[in-house]
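Okay, here's what each chain looks like letter by letter:
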Amino acid sequence: MKKLFSFFVGFFAFSNSFAQDWRTATRDSAGIAPDPHSEKRAVVQVYAARTVDWRGYFAVHSWIATKAKNANEYTTYHVIGWRVRRGQEAVVVQKDIPDRHWFGARPELLEDLRGEEAEKAIPQIANLAANYAYKNTYRAYPGPNSNTFISHIIRNVPELKVELPPTAIGKDWINQGDVVGWSEAKTGVQFSLFGLFGFTVGLNEGVELNLLGLNFGVDFLRPALKLPMVGRVGMKDKAF
């Protein structure tokens, strides 16, 4: 109940933020990522934040931030749809603030790798981004979109064991439109028809049903419900 109450408080605050122009909305750091000048180990972090305008009621935008060992700056990886409309590649890889607010929406840290695990993951993330199949394609619904891109990286980097939240519409587009594949956390299997219909069964994921891109599920390992719009209600998710 506490989680549900917190959601509605945040949800109404988010609704009020619609009055703010996205061009002037904060893009400042949320103060989540470690200072690269004090954290010398390699770092990989996965983030998600509510998307811009009315779409934020239903979906989040996700991204990955990495910092190599002894590096003094972060590199961020994500997909931005409007770039395709302008004839540019959707995939954006750049030196940036890792934990920026997404046009006013505070990001949530989904996974945090440090040290050797992060060192192993970083070159794999870079390679997957460079060879992403949908660099010139973007569909907000049902995908491939920004969440499809991050889900693809998660599925193919063994060190990443997180699952994107149920509000990450597009995450159920498996790799290059595969019908069957491993679940994101790689502890189960997933069946999906182009992100529109499907289901996932896994130790880390529990049971999740996808209907027209909306996700309903139950996590048994860390008891929680997974609901469209609301997200996760119950214990906080954690990589197994």
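Higher on the page you've got the structure.
In this text the structure is predicted, and so the values were computed from the model without any measurement.

### Points about the environment of G231
Here is step 1: Note on placement: G231 falls in strand 12 (residues 231-234).
Here is step 2: On the accessibility criterion, G231 (5% relative accessible area) is buried.
Here is step 3: In this structure the C-alpha to C-alpha distance between G231 and D178, which are 53 residues apart in sequence, comes to 25 Å.
Here is step 4: For G231, the residues in contact, after removing those within four places along its chain, are P166, T167, L225 and K226.

### Some points on the pairing of strand 9 (residues 206-211)
Here is step 1: For strand 8 (residues 197-202) and strand 9, the ladder comprises six bridges, and the chain directions are antiparallel. Counted as the bridge partner of F197 is L211 from strand 9.
Here is step 2: Pairing of strand 9 with strand 10 (residues 214-219) involves five bridges; the strand directions are antiparallel. Opposite V207, over in strand 10, you have V218 as the bridge partner.
Here is step 3: From the end of strand 9 to the start of strand 10, which pair antiparallel, there are two residues, and L212 there has a positive phi angle of about 55 degrees.

### Structural notes on the side chain of D96
Here is step 1: Structurally, the position occupied by D96 is in the loop between strand 4 (91-95) and strand 5 (108-114).
Here is step 2: Judged by its relative accessible area of 19%, D96 is buried.
Here is step 3: A distance of 3.3 Å separates polar atoms of two side chains, one belonging to D96 and the other to Q94.
Here is step 4: At 2.8 Å, the side chain of D96 and the side chain of R100 are in polar contact.
Here is step 5: Excluding its chain neighbours within four sequence positions, the residues that come into contact with D96 are Y74 and T76.

### Describing helix 4 (residues 146-156)
Here is step 1: Among the 11 residues that make up helix 4, 10 are buried, leaving the element largely enclosed by the rest of the structure.
Here is step 2: Looking only at helix 4, the buried set comprises S146, N147, T148, F149, I150, S151, H152, I153, I154 and R155.
Here is step 3: Its side-chain oxygen placed 3.0 Å from the backbone nitrogen of N147, N145 serves as the N-cap of helix 4.

### A look at the sheet that holds strand 8
Here is step 1: Sheet architecture is open: seven strands sit in the order 6-7-8-9-10-11-12, paired in antiparallel fashion. Each end of this open sheet is capped by a strand with a single partner; those strands are strand 6 (180-182) and strand 12. The sheet shows a mean angle of 15 degrees between the axes of neighbouring strands, direction not considered.
Here is step 2: Examined bridge by bridge, strand 7 (residues 188-193) and strand 8 share six bridges and lie antiparallel to one another. For V189, the partnering residue across the bridge sits in strand 8 and is V201.

### Details of the packing of aromatic side chains
Here is step 1: Per the stated rule, a full pass over the model turns up eight aromatic pairs.
Here is step 2: With 5.8 Å between their ring centres and 75 degrees between their planes, Y132 and Y134 make a pair best called edge-to-face. Comparing Y132 with Y134, the two get one shared label, buried.
Here is step 3: For the ring pair Y132 and F149, a centre distance of 4.9 Å and an interplane angle of 70 degrees mean the geometry is edge-to-face. Residue Y132 is found in the loop between helix 3 (116-130) and helix 4, and its partner F149 is found in helix 4; the two are separated by 17 residues along the sequence.
Here is step 4: Put simply, the rings of Y132, Y134, F149, W173 and F194 pair up and form one aromatic cluster.

### Focus: the environment of N72
Here is step 1: Structurally, N72 is set in the loop between strand 2 (60-67) and strand 3 (75-79).
Here is step 2: Separated by 36 residues in sequence, N72 and P36 place their C-alpha atoms 5.0 Å apart.
Here is step 3: When near neighbours in sequence (up to four residues on either side) are disregarded, N72 contacts P36, H37 and K40.

Calculation rules
Residues numbered from 1 in each chain as written. Predicted model: local features only at pLDDT ≥ 70, side-chain atom pairs only at ≥ 80, totals over all residues. Heavy atoms only, no water. Helix = DSSP H or I, 4+ residues; strand = E, 2+ residues; numbered from the N terminus. Buried < 20%, exposed > 50% of the residue type's maximum accessible area, 1.4 Å probe, protein only. Contact = heavy atoms within 4.5 Å. Pairing = 2+ DSSP bridges. Polar contact = N/O pair within 3.5 Å; in protein donor to acceptor, adjacent residues only side chain to side chain. Axes fitted to C-alpha atoms, helices over the stretch in contact; angles between N-to-C directions. Phe/Tyr/Trp six-rings, centres within 6.5 Å; stacked < 30°, edge-to-face > 60°.

Nothing here speaks to function; it is all geometry.
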